[in-house]
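Here is what each chain is made of, one letter per residue.
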Number of protein chains: 2
Amino acid sequence: MQVLLILGRILVYCKWYNAPMKRNAKKYRSNCPINFAQETFGDKWSLLIIRDLMFMGKKYYGEFLSSDEKISTNILADRLEKLEGDGLITKATDKENNSKKIYALTQKGIDLLPMFLEMIAWSAKYDNNTGTPAEFIKRLEGDKNSLIRELKESIAGSET
Amino acid sequence: MQVLLILGRILVYCKWYNAPMKRNAKKYRSNCPINFAQETFGDKWSLLIIRDLMFMGKKYYGEFLSSDEKISTNILADRLEKLEGDGLITKATDKENNSKKIYALTQKGIDLLPMFLEMIAWSAKYDNNTGTPAEFIKRLEGDKNSLIRELKESIAGSET
DNA sequence: CTGTATCCTTAGGGATACTG
DNA sequence: CAGTATCCCTAAGGATACAG
């Protein structure tokens, strides 16, 4: 047990937490993967924008604006820019309407899917304000990797 | 492909997103699992406190204070209280020192482990400020559930 | 409809002094 | 050492008007 504990911690975390900071790298509060994630999409809105792109099939400015949480327009513009700057999303011009922009997830963004699935599973378990998504939990208890593969294909297929 | 897309979305998300809000439930911005997660631990510090408990073996106030990100003492107190209120951590008095408190993850907190693993994996892939944790990635590509089981035992074993 | 720009408010958070 | 309590301030965010 003790061995496993130490093994687990070294394996999972400590090893690259103490890696030396590279020169000229963007400055984060620390050199920790959890902190990196927090600073990349750990604000009040980014996660929801990614959710809209990933699961809700949204791709237009107005669609994000209309989500239940009611993001305000200036904040949305700011977050879209930041997410684009961090390489999580792309912005392209709609062929049929030049003034319309299409937002889409990059591979880096799509790769957040596994984390989202675990987050959803956790919330489904503990948020007693939602029903229990039995099939989903069941599939997640099975072969996660195959579920993720399927969904990634699905998301990638919906872009363009 | 199209079928898969729709299947994926219904399966993963939409189904309980539209669940009716229960009476007297704590009010969130929306009835969405991602938003629930965001409002529970999506602030600037909670994730890091949980990280310290989960992977760093920390359990005392001063230990959290000493983390690289330099949380300030009033904020730490506030977040510990919120996390306890949300049932993610417990606070107990140290037997050997009455003025010392021991913080520990609850099951609800421990259950965030899978999400943390995916978050770490993503950051390890995209944060070019850290090295590549090859063994970890490799294990995560294999049987995730067995990895999670091992680590959960390890974390649970370290409490008390 | 897709954003910008502006104005204004407040919560989050930093610094630091203080208490048991 | 384990927290509380204050003071202060900035950045995040809401509301709304405006522009292409």
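Attention in this report is confined to the structure presented alongside it. (Residues numbered from 1 in each chain as written. Chains lettered and ligands numbered in written order. Predicted model: local features only at pLDDT ≥ 70, side-chain atom pairs only at ≥ 80, totals over all residues. Heavy atoms only, no water.)

1. As for the protein's contact with DNA strand D
Piece 1. The environment of DNA strand D is formed by 18 residues, the closest being K44(A), N74(A), R79(A), K100(B) and K101(B).
Piece 2. In DNA strand D, atoms within 4 Å of the protein come from the sugar-phosphate backbone in 57% of cases.
Piece 3. Here a phosphate oxygen of DNA strand D sits 2.4 Å away from a polar atom, N or O, in the side chain of R79(A).
Piece 4. Within the contact set of DNA strand D, a base oxygen lies 3.4 Å away from a side-chain nitrogen or oxygen of N74(B).
Piece 5. Counting only elements with at least two residues in the surface near DNA strand D, the list comes to α5 (73-85) of chain A together with α4 (61-65), α5 (73-85) and β2 (101-105) of chain B.
Piece 6. Ranked by the residues each element gives to the surface near DNA strand D, the list is headed by α5(A), at four residues.
Piece 7. Considered class by class, the residues forming the surface near DNA strand D number six nonpolar, seven polar and five charged. (Near = heavy atom within 4 Å. Polar contact = N/O pair within 3.5 Å; in protein donor to acceptor, adjacent residues only side chain to side chain. Helix = DSSP H or I, 4+ residues; strand = E, 2+ residues; numbered from the N terminus. Nonpolar A, V, L, I, M, F, W, Y, C, P; charged D, E, K, R; others polar.)

2. So, the protein's contact with DNA strand C
Piece 1. Around DNA strand C sit 18 residues in total, of which K101(A), K44(B), T73(B), N74(B) and R79(B) are the nearest.
Piece 2. Protein-adjacent atoms of DNA strand C, using a 4 Å cutoff, are sugar or phosphate at a proportion of 55%.
Piece 3. Note that a phosphate oxygen of DNA strand C is positioned 2.5 Å from one of the side-chain N or O atoms of R79(B).
Piece 4. For the surface near DNA strand C, the secondary structure elements donating two or more residues are α4 (61-65), α5 and β2 (101-105) of chain A together with α5 of chain B.
Piece 5. For the surface near DNA strand C, a count of residues per class yields six nonpolar, seven polar and five charged.

3. Details of α5(A)
Piece 1. Taking 1.5 Å as the rise per residue, α5(A) with 13 residues should run 18 Å; its terminal C-alpha atoms sit 18 Å apart, in good agreement.
Piece 2. Buried-residue contacts for α5(A) involve α3 (46-54), α4, β1 (89-93) and β2 of chain A. (Expected span 1.5 Å × (residues − 1). Contact = heavy atoms within 4.5 Å.)

4. With respect to the packing of helix α2 (residues 33-41) of chain A against helix α3 (residues 46-54) of chain B
Piece 1. The N-to-C vectors of α2(A) and α3(B) enclose an angle of 165°; their axes lie 10 Å apart at closest approach. Viewed along their axes, α2(A) and α3(B) adopt a mutual orientation that is roughly antiparallel. Judged by the twist between their axes, the crossing of α2(A) over α3(B) is right-handed. In this structure, α2(A) contributes I34(A), N35(A) and Q38(A) to the contact, and α3(B) contributes L47(B), L48(B) and R51(B).
Piece 2. Of the residues assigned to the contact of α2(A) with α3(B), the class counts are three nonpolar, two polar and one charged. (Axes fitted to C-alpha atoms, helices over the stretch in contact; angles between N-to-C directions. Parallel < 35°, antiparallel > 145°, perpendicular 65-115°, else oblique. Left-handed = near helix turned anticlockwise from the far one by under 90°.)

5. A closer look at the pattern of salt bridges
Side chains bearing opposite charge may pair, as long as their charged atoms lie close to each other.
Residues and elements named next belong to chain A.
Piece 1. The tally for this structure, following the rule as stated, stands at 18 salt bridges over all chains.
Piece 2. Between K82 and D86 there is a salt bridge whose closest N-O contact spans 3.0 Å.
Piece 3. We classify K82 as partly exposed; its relative accessible area is 30%.
Piece 4. K144 is the salt-bridge partner of E118, the closest N and O atoms lying 2.9 Å from each other. Here E118, found in helix α7 (residues 113-126), pairs with K144, found in helix α9 (residues 144-158); they are 26 residues apart in sequence, far enough to count as distant. Pair check on accessibility: E118 and K144 agree, each one buried.
Piece 5. Ionic contacts of the salt-bridge type, sharing partners, join the residues D43, D78 and R79 into one network. (Salt bridge = Lys/Arg side-chain N within 4 Å of Asp/Glu carboxyl O. Buried < 20%, exposed > 50% of the residue type's maximum accessible area, 1.4 Å probe, protein only.)

6. Details of α7(A)
Count 3.6 residues to each turn of an α-helix, and residues three or four apart come out pointing the same way.
All names here are of chain A.
Piece 1. With 14 residues, α7 extends 20 Å from end C-alpha to end C-alpha; this agrees with the ideal 20 Å at 1.5 Å per step.
Piece 2. In terms of burial, α7 is largely enclosed, as 12 of its 14 residues are buried.
Piece 3. Where α7 is concerned, the buried positions are L113, P114, M115, F116, L117, E118, M119, I120, A121, W122, S123 and A124.

7. A short note on unusual backbone geometry
What is expected of a backbone is that most residues other than glycine have negative phi and most peptide bonds are trans.
Piece 1. Backbone geometry at K70(A) places phi at a positive 60°, although glycine is not the residue there.
Piece 2. According to the relative accessible area criterion, K70(A) is exposed, its value standing at 56%.

8. Here we look at the packing of aromatic side chains
Piece 1. Under the counting rule described, the total for this entry stands at 12 aromatic pairs over all chains.
Piece 2. Ring centres 6.0 Å apart and planes at 65° place the aromatic pair F64(B) and Y103(B) in the edge-to-face group. Of this pair, F64(B) sits in helix α4 while Y103(B) is found in strand β2, placing the two residues 39 residues apart along the sequence. In this pair, the class of F64(B) matches that of Y103(B), namely buried.
Piece 3. A connected cluster of aromatic rings, assembled from ring pairs, spans Y28(A), F36(A), F41(A), W122(B) and Y126(B).
Piece 4. Above the ring of W45(B), the side-chain terminus of R29(A) is found at 4.5 Å from the ring centroid.
Piece 5. One Lys or Arg, K100(B), reaches over the ring of Y60(B) and ends 4.4 Å from the middle of that ring. (Phe/Tyr/Trp six-rings, centres within 6.5 Å; stacked < 30°, edge-to-face > 60°. Lys NZ or Arg CZ within 6 Å of the ring centre and 35° of its normal.)

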